[in-house]
Structure formats: C-alpha cells, structure tokens
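Take a look at the letters that make up each chain.
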Amino acid sequence: MKPEKKPKKDKMAAVQITSAGGGETYPINSGKRNVVRTSAGVLYAVVSYGKTTVTTASDVRVYKSSDGSSWAEQDASNNPTVGGASTYASASCCIDSSGIIHISYRHAITGIRYVTFNTSTDVFSGDTQIVSSSAPQVSTAITVDSSNVPHTVYVEALTSMGSTFDTVTYINKVGGTWNAKVAIEGLTASKDCRFPSITIDSNNVPVVVYYNHTDTDIGTALGNLNNATSFTLFDIEASSQANTFPFIAVDTSGNHHAAYVNSTNDLLVRKHNVGDAWTTWQTAETIDNSNNLLTPSIAINGTARYIFAEDSDDNDIVYYTDSSGSWSGQNSLDVGTYQDSHVKWSFLNNNGGSTQLDYVFSDGTNVFWNKVVLTVPSTFLSRLLLMGVG
C-alpha cells in the first residue's frame, strides 16, 4: 500500500508566474535551474515561451518578484526572440556575485545560445550564439565559477561515419571568450546521452551528471581543470529510469551528491566524498521505494539535503530531506496536476539558500513558484514549514 503523504502545515497555494493563453506554453522540462535570488532577496525566474504556430514568435523571458507574491516580465522589448519555423527553448540560468544572471538556451535549428540579464538595471545584454550546430538537442544547464565565468553543458547530435549520437557537450568562457567545446560522452562511445546537470565544486572545476539513454544508466563527469579540456567519467547507476533527469549538487564539505530515479521508479541519491578518486562513490541511498517519482532536483544547505520531485501517481510536487539526520518520508507540497519541479540552488551565490528553498514547477502550460522556509529552533534541529503567498 502506498504510504500517506505528510501534509505541510500552513500550506497555501503556489503563485503563478506566467500567463499563457491561446495554446501558448512555458516549458521548463528541458532546462535545469530556472529560478535565482539576488543578494538583496529579489527573485527572478527564467522561462522559454513556446509558440502556437510557425508565425508566432518564440522567446526567452525573465520574470521578477520582490517576494514571490506577484511576478512581472522584465525588458520584454529586448528579450531573445525568434520567429518563423524555429523556436528558442531549454532555457537554464544561474546568478553571479555581481547580480548578473547567465542564461543558456538553444535555437532549435542553428545551435546553443547565451545571454545575460543585469538585475541592477533589469536589462538583457550580449545575446549570442556560442555553438553552431544544425542538430542541437533538448536540454541545457549552466553555472558560474568563483570568477563569475559561465560554464554550460548541452546536448548535440553528432555524426561520424553515417552514425549519429546525442552527445553531452561542455563549453566555457574562461579567459573572456568562449573556448572549444568538449564532448563528455556520446559520439565517441557510440552512446546517446542526454539531460545533463552541471555545477562548479569546491575545487572550482565543473562536475556533470547525465542520463545515458543507450545503456539506461546515470553517468557523471569530473573536469580536469577549471578550464576543462577533458573529463573523468563514472557511472553511478546501472539501471536508471528511462529518460530521467538527474541533478547534482555539492555540500559545504565539498562532497558531491547526485539525485536520480532508477528503473523501478525509486528515488535515490549517491554521494562522492571529496578527495576520493572519481570512480569511488558511496553506496546509493534509497530515499523512497514506495512511490513512483519523476524529475528530481536537489538543493543542499550545509550538509542537509533536500530533494524535490513529481509523484507521478497523482502528479503532485513533493520533497524529502535528511536535515534531521535521516531521510524523511514524502512531504506533500503542491497538490494538482504538476510536473518539472526545479529547486533553486548553486554552490556559489546561493543567495538566501540557508533560510528558504525557492522552487518552480509547471502544469504543462504555465510556471509556478513556491518556497519552503528553513528554520532552526533553539534545539538546533532543523524543521520545515511550507510557506505560500496568497
């Protein structure tokens, strides 16, 4: 029997960010992190706009909110826009220490693109194509290092000797210009690899987790340098859920944590201790093997881990935490027909992340925001209260 969910006290409705109509959609399933907070506490959400017809423009949009209670689109006259038969999609974002939001996204025909958004002026700048490709595939992810330099991963269909494979690929802007792209896994191993997540770690190098569709496993990759030219690979799960979207994060001790779903729809997390060889990971922890979970995303506060997911049995947004020392049962957040929960987190510039967890999710058409507030009572044991804004 499926265990009963734990409802959160004082739970109120999430806040709708976008307002779609006439068949419009705001997909976030093919991006990774989609919400950031400035050092002053101002929220920004980055979404792609899906067109209704080939004559409708497609664009990347930024929405702003002072406290989450209401949201407004920013700089609509200058946002990245494309018309005709093509689309802009798969937007992901991160924020640097200067308050600049870095955004990666894809043009469905010509390649991977990048743009910044200045939260001091609320203006877009520097929209450019960083990778030319006639076959950019679903998914991008982006992070910044300690020098505010962007590092991004994406998926590209590469062909050799008549065979084409979806390849997880990495590129950065170390030195002030976009460097040569680096294939992590795909074409050279004759594998289709998809849905990467990226972060900078405590050594200021990129780490990536992704789904290997050919082998149905979860792969990880550690860059050799900050300006990575090669990656050490290791599979942390041999039998994953088909087309799963894994996420990776780093705790304050420098340990890596990857959240994913296996082939029986169990939710797991696996830890790599900093200093160990990349091929040495701890035994995977089973968080939930009673419910059917989708699209997990992970945030870390200190060493306490929080994993958000969709319960596919009823399409609710739920979360789990080990902040008390062991994994909690399933906690119900947003009840409805929802998907694609993305919790805000970054190893650097995780503004406000020690006091609350902002997250966004979708109903397949629009994007919503909510938060979990973290409190530490006098016993120093963390407890969670879900806070909504009417």
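What follows deals with the overall build of the protein chain. Of regular secondary structure, the protein chain possesses zero helices and 31 strands. Residues classed as buried in the protein chain amount to 57% of the 390 residues present. Of the contacts formed within the protein chain by residues at least 6 apart in sequence, a portion of 49% connects residues at least 24 apart. Summing over all exposed atoms, the protein chain offers an accessible surface of approximately 14300 Å²; the carbon and sulfur share of this is 48%.

A separate point is the confidence of the model for the protein chain. When pLDDT is averaged along the protein chain, the result is 90, and 89% of the positions lie at 70 or above. Taken as a whole, residues 377–390 scores under 50 in pLDDT and shows 41 contacts with residues more than four places along the chain or in a different chain.

With that settled, the discussion passes to the packing of aromatic side chains. Under the defined criterion, the tally for this structure stands at 15 aromatic pairs. Both rings, one in Phe 308 and one in Tyr 359, keep their centres 5.0 Å apart while their planes meet at 45 degrees; by these two values the pair is tilted. Here the residue Phe 308 occupies a position in strand β25 (residues 304–311), and Tyr 359 occupies one in strand β29 (residues 356–362), the gap between them amounting to 51 residues. Residue Phe 308 is classed as buried on the basis of its relative accessible area, which comes to 0%. Under the relative-accessibility criterion, Tyr 359 is labelled buried at 0%. Every member of this aromatic cluster is reached through a ring pair, and the members are Phe 308, Tyr 319, Tyr 338, Tyr 359, Phe 361 and Phe 368.

With that out of the way, let us pick up the sheet that holds strand β17 (residues 206–212). Read from one edge to the other, the open sheet built from four strands follows the order β16-β17-β18-β19, with strand pairing classed as antiparallel. Only two strands of the sheet have a single partner each, and these edge strands are β16 (193–200) and β19 (231–237). Pairwise comparison of adjacent strand axes, ignoring direction, gives a mean angle of 20 degrees for this sheet. Pairing between strand β18 (residues 217–223) and β19: six bridges, direction antiparallel.

Let us look at empty space enclosed by the protein. Under the criterion given, the structure shown has four cavities of 30 Å³ or more. Roughly 140 Å³ of volume is contained in the largest cavity. Lining the largest cavity we find 18 residues, and of these Arg 33, Cys 93, Cys 94, Trp 345 and Ser 346 sit closest to its centre. Listed by contribution, the elements that provide at least two residues to the lining of the largest cavity are β3 (35–37), β8 (88–95), β12 (136–144) and β16. Its residues assigned to classes, the lining of the largest cavity comprises nine nonpolar, six polar and three charged.

It is worth spelling out unusual backbone geometry at this point. Glycine aside, residues mostly have negative phi angles, and peptide bonds mostly take the trans form. Notably, Asn 204 is not glycine yet its phi reads approximately 65 degrees, a positive angle. Locating Asn 204 in the fold gives a position in the loop between β16 and β17. Positioned with a positive phi, Asn 349 is a non-glycine residue whose angle comes to about 60 degrees. Mapping Asn 349 onto the fold places it in the loop between β28 (339–343) and β29.

Turning our attention to the state of the cysteines. Cysteine pairs can be covalently joined through their sulfur atoms, and such a bond is termed a disulfide. Evaluation of the coordinates by the stated rule reveals zero disulfides. Free cysteine: Cys 94, not disulfide-bonded; nearest cysteine sulfur from Cys 93 at 7.0 Å. Of the residues examined, Cys 94 reaches a relative accessible area of 8% and is grouped as buried.

Going through the model one piece at a time under the given rule, you end up with 10 salt bridges. Between Asp 358 and Arg 37 there is a salt bridge; the shortest N-O distance is 2.8 Å. Within this pair, whereas Asp 358 is found in strand β29, its partner Arg 37 is found in strand β3, the two being separated by 321 residues in sequence. Grouping residues by exposure puts Asp 358 and Arg 37 together as buried. In this structure, Glu 73 and Arg 61 form a salt bridge, with 3.9 Å as the shortest nitrogen-oxygen distance. Of the two residues, Glu 73 sits in strand β6 (residues 72–74) while Arg 61 sits in strand β5 (residues 58–65), which places them 12 residues apart along the sequence. Judged by its relative accessible area of 30%, Glu 73 is partly exposed. Overall, the relative accessible area of 14% leaves Arg 61 in the buried class. Salt bridges linked by common partners bring Asp 59, Arg 61 and Glu 73 together as one network.

Procedures and definitions
Residues numbered from 1 in each chain as written. Predicted model: local features only at pLDDT ≥ 70, side-chain atom pairs only at ≥ 80, totals over all residues. Heavy atoms only, no water. Helix = DSSP H or I, 4+ residues; strand = E, 2+ residues; numbered from the N terminus. Buried < 20%, exposed > 50% of the residue type's maximum accessible area, 1.4 Å probe, protein only. Contact = heavy atoms within 4.5 Å. Areas by Shrake-Rupley, 256 points an atom, 1.4 Å probe, with all protein chains shown as cover. pLDDT = per-residue confidence, 0-100. Phe/Tyr/Trp six-rings, centres within 6.5 Å; stacked < 30°, edge-to-face > 60°. Pairing = 2+ DSSP bridges. Axes fitted to C-alpha atoms, helices over the stretch in contact; angles between N-to-C directions. 1 Å grid on protein atoms, 1.4 Å probe; cavity = no way out; pocket = protein on both sides within 12 Å on 5 of 7 lines; lining within 4 Å. Points joined across faces, edges and corners; volume = space filled by probe spheres on them. Nonpolar A, V, L, I, M, F, W, Y, C, P; charged D, E, K, R; others polar. Disulfide = S-S within 2.5 Å. Salt bridge = Lys/Arg side-chain N within 4 Å of Asp/Glu carboxyl O.

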